[in-house]
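# Observations on the model geometry
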Protein chains: 4
Amino acid sequence: MDKKVNIALVGVGYWGPNLLRNFFQLDSVSVLAVCDLKQENLDKMKKFYPAVNFTKNYEDLINNPEIEAIVIATPVHSHFALASKALENNKHVLLEKPMTSTAQEAQRLIDLAKAKNKILMVDHTFLYTGAIKKIKEMIVNNELGDLYYFSSQRINLGLIQEDVNVAWDLAVHDLSIMDYLIGEVPDRVSAIGTAHLGKNKEEMMHIMLRFNHRFSVYIFVSWLSPLKIRQMMIGGSKKMILYDDIEPVEKVKIYDKSVTLNYDTNNMFWPLYREGDTYIPKLDQKEALKTECEHFIDCIINNKQPLTDGAAGLKIVKILEAINLSLEKNGAEVNI
Amino acid sequence: MDKKVNIALVGVGYWGPNLLRNFFQLDSVSVLAVCDLKQENLDKMKKFYPAVNFTKNYEDLINNPEIEAIVIATPVHSHFALASKALENNKHVLLEKPMTSTAQEAQRLIDLAKAKNKILMVDHTFLYTGAIKKIKEMIVNNELGDLYYFSSQRINLGLIQEDVNVAWDLAVHDLSIMDYLIGEVPDRVSAIGTAHLGKNKEEMMHIMLRFNHRFSVYIFVSWLSPLKIRQMMIGGSKKMILYDDIEPVEKVKIYDKSVTLNYDTNNMFWPLYREGDTYIPKLDQKEALKTECEHFIDCIINNKQPLTDGAAGLKIVKILEAINLSLEKNGAEVNI
Amino acid sequence: MDKKVNIALVGVGYWGPNLLRNFFQLDSVSVLAVCDLKQENLDKMKKFYPAVNFTKNYEDLINNPEIEAIVIATPVHSHFALASKALENNKHVLLEKPMTSTAQEAQRLIDLAKAKNKILMVDHTFLYTGAIKKIKEMIVNNELGDLYYFSSQRINLGLIQEDVNVAWDLAVHDLSIMDYLIGEVPDRVSAIGTAHLGKNKEEMMHIMLRFNHRFSVYIFVSWLSPLKIRQMMIGGSKKMILYDDIEPVEKVKIYDKSVTLNYDTNNMFWPLYREGDTYIPKLDQKEALKTECEHFIDCIINNKQPLTDGAAGLKIVKILEAINLSLEKNGAEVNI
Amino acid sequence: MDKKVNIALVGVGYWGPNLLRNFFQLDSVSVLAVCDLKQENLDKMKKFYPAVNFTKNYEDLINNPEIEAIVIATPVHSHFALASKALENNKHVLLEKPMTSTAQEAQRLIDLAKAKNKILMVDHTFLYTGAIKKIKEMIVNNELGDLYYFSSQRINLGLIQEDVNVAWDLAVHDLSIMDYLIGEVPDRVSAIGTAHLGKNKEEMMHIMLRFNHRFSVYIFVSWLSPLKIRQMMIGGSKKMILYDDIEPVEKVKIYDKSVTLNYDTNNMFWPLYREGDTYIPKLDQKEALKTECEHFIDCIINNKQPLTDGAAGLKIVKILEAINLSLEKNGAEVNI
């Protein structure tokens, strides 16, 4: 590992410091510069990373020819401008989720990255966790049988955001997980939500995605819950999975439970319930963000396609746009 | 309490035996007869209640002039026929939930009971629990502040029913609780659901009720969950409540948590989160069904209006009808 | 199963009604009579079992030649007198735990039962649960490897008893389970405890049993805990088991975890921790008491030796006597 | 806060890095040097603290006149030698727990600190948590009534240590908490334990402390549990507390539960159980170690007596010595 990849980071508010810490610890990386509009955010980082250059001017990153890649952890409305400038200046880009404010912006970034032959990756962190990798493996091996549903609850108190509704903040995680696990694009979406607090961005939302077969995705997200819940269920004709991300160790439980319908000659049915053992697999404990940062660097060095590339980011933004449209129509179904 | 009220019961399949056991234990009640179409259901009860008359013929109950009241715990499609016959023959009626298959039927039972001056009560059991009584008390005392939402999850594996969808089986509990706690009729409902198993009755459903002010009710019901969850959250501007009916003792938790928005002169907001102590009130431990059975007898003897009277039952059936209509329209909002 | 076994029950205070309900439901049993010194206890039962004879006089049971077996659920100090009278009069006996107040009494009952050729069984209910049967099966199949320890916690608020300390009330369960699972008699016992409330019977106690090899049993019992805990851990060189009887469904968890020591040439060790999957077996859900009642009747009809016979009861009483002796010696080790 | 306190740290294996991180973040502190015998431990720290001097030679710390205080986070057997050298060279000392290997060593350090007029503090971290501060406050305000018992369970899988038994590693936390909360010195101790793994240091231990009145302390510690449990109960005549350190938020639960005995004229008792509400106080969320590090610096600057001074450390070492003696005597009571 002779040569190090020189990177810079823009945005060290809430999530950026985690990215900074992980990239800083990689032997294959040299963090040259960090940019943020707020001096106080920079000051907090300076003490821990005295050798890094700190700046409030994004141009300093763009104009530095040594910087090969830029990690963008700023609010979503700034993603397109920052990322397109970076790509135009031949820098690889890792973008915080959601990728952009519109599908059109996302498509333009994909085109630009392709034209410049640069890596464009989106930070869909959960796809790098041991839990999701394990569940993906089970689905690939058809251990669940025919899939019935994917149902997720991601609720807590805050952090309420000003410029987006709760789907763009929280459901983006569920959508990216769903997209990875199911590997199919939904047909239609219905979303119902409410803005309780007097601003016009929904703080609670129920989302349902339908596919062109008997499979559905339900997502409940909220910024107004007294409890923090991160619970996902995946039901199949053979087994069912519970993924509870709050659990410190036993995050994934596989229930050997199922229900199927039998029909008699009069077309009357009776349900067959089957309940067997439950199984809690040992998961890879490595920090997902570390895996993801390594993957970004690996893609740069070896010119690989990221698991969470621009196309993956775009699919999620398209669904988020459809969600907003359904909200406007009071929950009516919208084609994606 | 010299005189005993003579009652009979029809339907001792799944829920009926619980009603029978509770009525049997009341000193103010004499259970004269039990009716069921299935001999095996009758046989199971005979050993424990040797002094009771058992019959497969509902007419035996109707024609017995000593029987003053009939408790009906049969499938919903039979409720109207059985209850109207009982009322016409001057017998008080306690009806299992949901009250009837249609709002029209419910209204006719209400009218009939009024004409005959008989008690008509619906078994909305949860309203008689210590937990709901406590929560009602807190709302009446305005301890929660302005109400933001009521969100409920009632999911488990089975028991899938043949003639109704999951809302008519499970959401009826949440709707009756909501109606009692909130005391206001919702304006509109949206419901999205799926029938995964190949029959045409939804086994999973998301329901949202909207009111003519900033308050919403969310209900998630499912027969296809590996986990049994009975969790209700009520959020207000001052406090939030979690009601977890699976918890053996600590069913109600009151969180001194809230979030409000402040606005500055530029109309920018910042959320204020407040988190204080949590409080778990001691609840009345009496079996709700016992309280309810006593209430029915008390209403008969003292000619009182039941807490869960025909009007309460009708309100829920109207909402269930609107839910079915919204389902047909793929989740579009329906006026109630 | 033409002929029914005629039985009678003495003691319907706290636990007796459960035995009565289970025996009453067995097709192979006819419950002829119930005896209790308190009229109110008898009155509570009369309404539910109108065909049974109720009496305050134990002689009525003894003198009834139709009664073949007597179930004794009275306080422990009365066990010997009631059971010996029953055996002398040629009746089979099922005795509540602990078997007797002294080992000497237990031995005399064993001898008497043998002389009279009657069944003598002790109600060690837990041995008939699906959980313990599953754990026993795993130990027999050597799935845990070498056993390191058995550690149990059985604590709650009350019910404080007047005539015995907490070990005779609660630890008796752990001791009977341990005896069944391990199948070896401990050598020595240490017990430390305190009587906090001003009477001279310990309400909290720690008990340790030692065997003639590297295996230990720890038991913590208390009547003074705000929480109810029923938690047992069994550790082996290959796997570890948690049995949590408070859990409604997932009572037994099998951890593929272990720790072993490796030594280098300097006799320095380093521990090897191994952590794999966790597994929750589906358990037989049948009520343990029902299984036990059936077993008692089966032993009578077919002249079998009960799983929890007098010898099993005696072993536990011997340990309880040694515990009391260690308590008197402030926790010093006592040989059993 | 013009002048900064210059400190150095020795030992950055398991716990030291946490101390280093906290001291490094304090504005009132300048970390001049870090010492460790292992190069790999130093290398891990170098990347994060490039401005700090790293050395394998403790003399470099001692001989540096700018270093005012030394934080010692090495194995216990080295504590006395390192701390006495630091004190002799006029440096303040913060010592990892347990303070020393023997009470004699602890006493000599106390004497030395006094002679040199230097701060000597022991890292009993839990005393600086919001949870323990809250419980202390309740006991001081007599909210629990007369104290009955303090019962603690601190069990997990590993980390098995070579040179001490599990009490010196884990029970030291419970003992220091108990000492702080109760404020009284126990009279006698009994300890029973076993070394299952073939070395001669106990991996599981039950400890009981007795006082000169009706109050007892029970501690169960283990390195061999498949589950990690950190659960402490404190029972009083008015209320009971559960402190569960595994809970992320609801660490302290206060149960308005109690049991008292009433006596009639025949000196027969009947227990009175009282069960009221449960209350979960909001706790100070600040990292305990940060509070502790600030306290150490405050004591240095303002010449204050630390809350966890040498005398507090000595008391715990004395109890640990008595525990070892009781173990040798197979659990016999030992005076402290």
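A brief structural summary. (Residues numbered from 1 in each chain as written. Chains lettered and ligands numbered in written order. Predicted model: local features only at pLDDT ≥ 70, side-chain atom pairs only at ≥ 80, totals over all residues. Heavy atoms only, no water.)

Residues and elements named next belong to chain B. Along helix α2 (residues 39-46), the positions that sit buried rather than exposed are N41, L42 and M45. When α2 is viewed along its axis, its buried side chains cluster within an angular range of 95° and face the same direction. Along α2, exposed side chains directed more than 90 degrees from the buried face belong to E40 and K44. Lining the buried residues of α2 we find α1 (16-25), β2 (29-35) and β3 (53-55). (Buried < 20%, exposed > 50% of the residue type's maximum accessible area, 1.4 Å probe, protein only. Helix = DSSP H or I, 4+ residues; strand = E, 2+ residues; numbered from the N terminus. Arc of directions from axis to C-beta. Contact = heavy atoms within 4.5 Å.)

Moving on to the pattern of salt bridges. All chains considered together, the criterion is met by 66 salt bridges over all chains. Across the pair E333(B) and R210(B) runs a salt bridge, and its minimum N-O distance is 2.5 Å. Separated by 123 residues along the polypeptide, E333(B) in the loop between α9 (310-328) and β15 (334-335) and R210(B) in strand β9 (residues 204-210) bring together distant segments of the chain. Between K85(D) and E59(D) there is a salt bridge; the shortest N-O distance is 2.6 Å. One end of the pair, K85(D), is in helix α4 (residues 79-88); the other, E59(D), is in helix α3 (residues 58-62), with 26 residues separating them in the sequence. Judged by its relative accessible area of 28%, E59(D) is partly exposed. (Salt bridge = Lys/Arg side-chain N within 4 Å of Asp/Glu carboxyl O.)

The operation linking the two copies of the chain is a rotation about an axis combined with a translation along the axis. Once turned by 180° and shifted 0.0 Å along the axis, chain B lies on chain A with an RMSD of 0.0 Å. Accordingly, the operation relating the two chain copies is best matched by a two-fold axis. Of the C-alpha atoms belonging to chain B, the one lying closest to the rotation axis is found on A332(B), 2.4 Å away. Taken together, the interface assignments show that 100% of the residues at the interface of chain B recur at the interface of chain A, consistent with an identical surface on both copies. (Least-squares fit on C-alpha atoms with pLDDT ≥ 70 in both.)

Let's shift gears to a nonpolar patch on the surface. A contiguous nonpolar patch, built from Y14(A), L159(A) and Y273(B) and spanning about 360 Å² of accessible area, is present on the exposed surface. Within the secondary structure layout, Y273(B) lies in strand β14 (residues 269-280). What makes Y273(B) partly exposed here is its relative accessible area of 30%. (Patch = residues over 30% accessible without salt bridge, like charges linked within 9 Å, V, L, I, M, F, W, Y side chains within 5 Å. Areas by Shrake-Rupley, 256 points an atom, 1.4 Å probe, with all protein chains shown as cover.)

Each partner contributes residues to the interface: chain C has 52 residues there, and chain D has 52 residues. Taken over both partners, the interface formed by chain C and chain D buries close to 4,900 Å², and the fraction arising from carbon and sulfur atoms is 66%. Three residues stand out in chain C for area buried against chain D, namely L157(C), Y218(C) and P226(C), and they jointly supply 13% of the buried area on that side. Counting only elements with at least two residues in the side of chain C that touches chain D, the list comes to β7 (147-157), β8 (188-194), β9 (204-210), β10 (216-222), β11 (224-236), β12 (240-244), β13 (252-263) and β14 (269-280) of chain C. No other element matches the seven residues that β11(C) contributes to the side of chain C that touches chain D. The residue makeup of the side of chain C that touches chain D, split by class, is 29 nonpolar, 16 polar and seven charged. (Buried area = accessible area lost by both parts, 1.4 Å probe. Nonpolar A, V, L, I, M, F, W, Y, C, P; charged D, E, K, R; others polar.)

The next thing to look at is the interface of chain B and chain A. On the side of chain A, 52 residues touch chain B, which itself brings 52 residues to the contact. Both faces combined, the contact of chain B with chain A buries some 4,900 Å², and carbon together with sulfur accounts for 66% of it. Contact with chain A buries area across many residues of chain B, yet L157(B), Y218(B) and P226(B) alone supply 13% of it, more than any other trio. At the junction of chain B with chain A, the criterion picks out zero salt bridges. Counting residues per element, the ones that place at least two in the side of chain B that touches chain A are β7 (147-157), β8 (188-194), β9, β10 (216-222), β11 (224-236), β12 (240-244), β13 (252-263) and β14 of chain B. The biggest single contributor to the side of chain B that touches chain A is β11(B), with seven residues. For the side of chain B that touches chain A, the residue count by class is 29 nonpolar, 16 polar and seven charged.

Moving on, we get to the packing of aromatic side chains. With the rule as written, the count across this model stands at 20 aromatic pairs over all chains. An angle of 65° between the planes, with centres 4.7 Å apart, marks the rings of F24(B) and Y49(B) as edge-to-face. With F24(B) in helix α1 and Y49(B) in the loop between α2 and β3, this pair connects stretches of sequence that are 25 residues apart. Judged on exposure class, the residue F24(B) and its partner Y49(B) are both buried. Arranged with centres 5.8 Å apart and planes meeting at 50°, the rings of F24(B) and F48(C) form a pair that is tilted. Here F48(C) lies in the loop between α2 (39-46) and β3 (53-55) and F24(B) lies in helix α1, a pairing that spans two chains. Under the relative-accessibility criterion, F24(B) is labelled buried at 14%. Ring pairing ties together the aromatic residues F24(A), Y49(A) and F48(D), which thus form one cluster. (Phe/Tyr/Trp six-rings, centres within 6.5 Å; stacked < 30°, edge-to-face > 60°.)

The subject of this paragraph is empty space enclosed by the protein. Throughout the structure, instances matching the rule amount to six cavities of 30 Å³ or more. By volume, the largest cavity amounts to about 160 Å³. Within the residue set of the lining of the largest cavity, elements represented by two or more residues are β7, β10 and β11 of chain C together with β7 (147-157), β10 (216-222) and β11 (224-236) of chain D. In terms of residue class, the lining of the largest cavity is built from nine nonpolar, 10 polar and no charged. What lines the second largest cavity is a set of 16 residues, among which Q153(A), H206(A), F220(A), Q153(B) and F220(B) lie closest to the centre. By residue class, the composition of the lining of the second largest cavity is six nonpolar, 10 polar and no charged. (1 Å grid on protein atoms, 1.4 Å probe; cavity = no way out; pocket = protein on both sides within 12 Å on 5 of 7 lines; lining within 4 Å. Points joined across faces, edges and corners; volume = space filled by probe spheres on them.)

Our next topic: helix α9 (residues 310-328) of chain A. Residues and elements named next belong to chain A. Taking 1.5 Å per residue as the helical rise, α9 with its 19 residues ought to reach 27 Å, and the 27 Å between its terminal C-alpha atoms agrees with that figure. All of the buried residues in α9 are G310, A312, G313, L314, I316, V317, I319, L320, A322, I323, S326 and L327. Contacts made by the buried residues of α9 are with α5 (103-116), β6 (120-122), α7 (166-182), β8 (188-194), β9 (204-210) and β15 (334-335). Residue D309 occupies the N-cap position of α9, its side-chain oxygen lying 3.2 Å from the main-chain nitrogen of A311. Positive backbone phi, approximately 55°, marks N330, located one or two places after α9. (Expected span 1.5 Å × (residues − 1). Polar contact = N/O pair within 3.5 Å; in protein donor to acceptor, adjacent residues only side chain to side chain.)

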